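Next come the chains, spelled out residue by residue.
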Amino acid sequence: MPNTHIHFLRRTTQLLFILLIIFAPFLDILRIDSDTRSLIVFGKEWSIGLEEGFYLKKSFENISYVAWRFFVKALLPWIVILSIFPILGALTGRFFCGWFCPEGTLFELFDFLTVRIFGRRNLFMKKSNDPGVPAGKRAPYIIFALLCMISIPLFTGVVLTGYFVNPRTVWGQVINWEFTFGVKAGIIGVAIYTFISTMIIRHTLCKYICGAGLMQMLFGWVSPISLRIKTDPAKLAACTDCKACEKVCFMNVKPRLLRKDINCVNCGECIEACTKELGAKKCIFSFAKSKSCT
Ligand code: SF4
Ligand code: SF4
């Protein structure tokens, strides 16, 4: 993969994952059916069969059958789900955070708009992150930011409520503007959370709060084979101190420092920024296995 395509590829994977999140309940890939109160997984009702167990005769075979079903249908899926992020972390570090996480994607969108309007990524930061857009040209960004501030939390509320109530019902209520209490509560609750996390918390959530992120961070840190960003000390002499690698880093990592940083999400934006400044051969950063990094 050419270094200069990283940003485009990352936006593509982020967009595809968001589309998956939007359409998964519509396609019955994963949702709860509120009418039957059952879990739908890939179009089929996911039953652990305990009700069936109540009507079976007490015999060793029947008890073994129910216990086996419970293990396969209830415990095993949980073990698999809970092990996804540790395994991902051990192999790819925080790659999921940087390339797929829909919440991280929204944080980056609002970071982008904040830089354009205020000249810094985060209003709680003291230093300017980047020159913003000149005052006379900020209006389109301000209008777009206001639209996003209102529409994205509400849209997220509608989409996520569709995981708990049939999404056709939810969208039907949105179109007719007539809501049942549960749907209204779901949309408003998720919208408030999304508004607060995108406006105020942003990547602080990734660093200190998100369980999936913390698991990838921990297992990626201890694994010698996890993916990392390698800084080549032999090439540092070519650095022009343009600071592009620091400006693009939404996790506030300083990749030029010759040390591993647990907050790096392997987005690769610093690789692309440095390649644009120095060219592919002199670029100081690359993806590498953890054991080969300082
Ligand atoms: S250090 Fe580089 S790869 Fe890591 S988060 Fe920052 S920009 Fe992304
Ligand atoms: S982008 Fe490359 S050249 Fe610019 S400051 Fe970072 S390491 Fe140096």
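Our structure is the block above this text.
Only a predicted model underlies this, so the values are computations on that prediction, with no experimental measurement involved.

So, how was this worked out
Residues numbered from 1 in each chain as written. Chains lettered and ligands numbered in written order. Predicted model: local features only at pLDDT ≥ 70, side-chain atom pairs only at ≥ 80, totals over all residues. Heavy atoms only, no water. Helix = DSSP H or I, 4+ residues; strand = E, 2+ residues; numbered from the N terminus. Expected span 1.5 Å × (residues − 1). Buried < 20%, exposed > 50% of the residue type's maximum accessible area, 1.4 Å probe, protein only. Arc of directions from axis to C-beta. Contact = heavy atoms within 4.5 Å. Near = heavy atom within 4 Å. Nonpolar A, V, L, I, M, F, W, Y, C, P; charged D, E, K, R; others polar. 1 Å grid on protein atoms, 1.4 Å probe; cavity = no way out; pocket = protein on both sides within 12 Å on 5 of 7 lines; lining within 4 Å. Sits in = over half its atoms within 2 Å of the grid points. Patch = residues over 30% accessible without salt bridge, like charges linked within 9 Å, V, L, I, M, F, W, Y side chains within 5 Å. Areas by Shrake-Rupley, 256 points an atom, 1.4 Å probe, with all protein chains shown as cover. Salt bridge = Lys/Arg side-chain N within 4 Å of Asp/Glu carboxyl O. Points joined across faces, edges and corners; volume = space filled by probe spheres on them.

*Asks:* Please provide a residue-by-residue account of helix H10 (residues 211-222), values included.
*Replies:* Helix length check: H10 (twelve residues) gives 17 Å between terminal C-alpha atoms against 16 Å at 1.5 Å per residue, within 8%. Taken together, the buried positions of H10 are occupied by Ala212, Gly213, Gln216, Met217 and Gly220. Relative to the axis of H10, the buried residues are bounded by an arc of 135° and lie together on one face. Opposite the packed face of H10, turned more than 90 degrees from it, sit the exposed residues Leu218 and Val222. Considering only its buried residues, H10 is in contact with helix H3 (60-92), helix H4 (95-99), helix H9 (203-208) and strand E4 (227-231).

*Asks:* Give me the lowdown on the site of ligand 2, citing residues and values where you can.
*Replies:* For ligand 2, the set of nearby residues contains 13 residues, the closest of which are Cys239, Cys242, Lys243, Cys245 and Cys274. Contributing elements (two or more residues each) for the shell around ligand 2: helix H11 (244-247) and helix H12 (269-278). The element contributing the most residues to the shell around ligand 2 is H12, with three residues. Of the residues assigned to the shell around ligand 2, the class counts are eight nonpolar, one polar and four charged.

*Asks:* Before we move on, could you go through the site of ligand 1 and cite the residues and values that matter?
*Replies:* The environment of ligand 1 is made up of Ile229, Cys249, Val253, Pro255, Cys264, Val265, Asn266, Cys267, Gly268 and Cys270. Taking a 2 Å distance to the grid points as the criterion, the majority of the atoms of ligand 1 fall inside the largest cavity.

*Asks:* Give me the lowdown on a nonpolar patch on the surface, citing residues and values where you can.
*Replies:* Together, Trp68, Phe70, Phe71, Leu75, Leu76, Trp78, Ile79, Val80, Ile81, Leu82 and Ile84 give the surface a local cluster of nonpolar side chains, amounting to about 1,100 Å² of exposed area. Topologically, Val80 is positioned in helix H3. Owing to a relative accessible area of 46%, Val80 belongs among the partly exposed residues under this scheme.

*Asks:* Tell me about empty space enclosed by the protein, residues and numbers included.
*Replies:* Using the criterion set out here, one finds four cavities of 30 Å³ or more in the structure. Roughly 270 Å³ of volume is contained in the largest cavity. Around the largest cavity, the lining is made up of 24 residues, and of these Ile229, Val253, Pro255, Asp261 and Cys264 lie nearest the centre. Sorting the residues of the lining of the largest cavity by element identifies E4 and H12 as the ones contributing at least two each. If one sorts the elements of the lining of the largest cavity by residue count, E4 sits on top with three residues. Class assignment of the residues belonging to the lining of the largest cavity gives a composition of 15 nonpolar, four polar and five charged.

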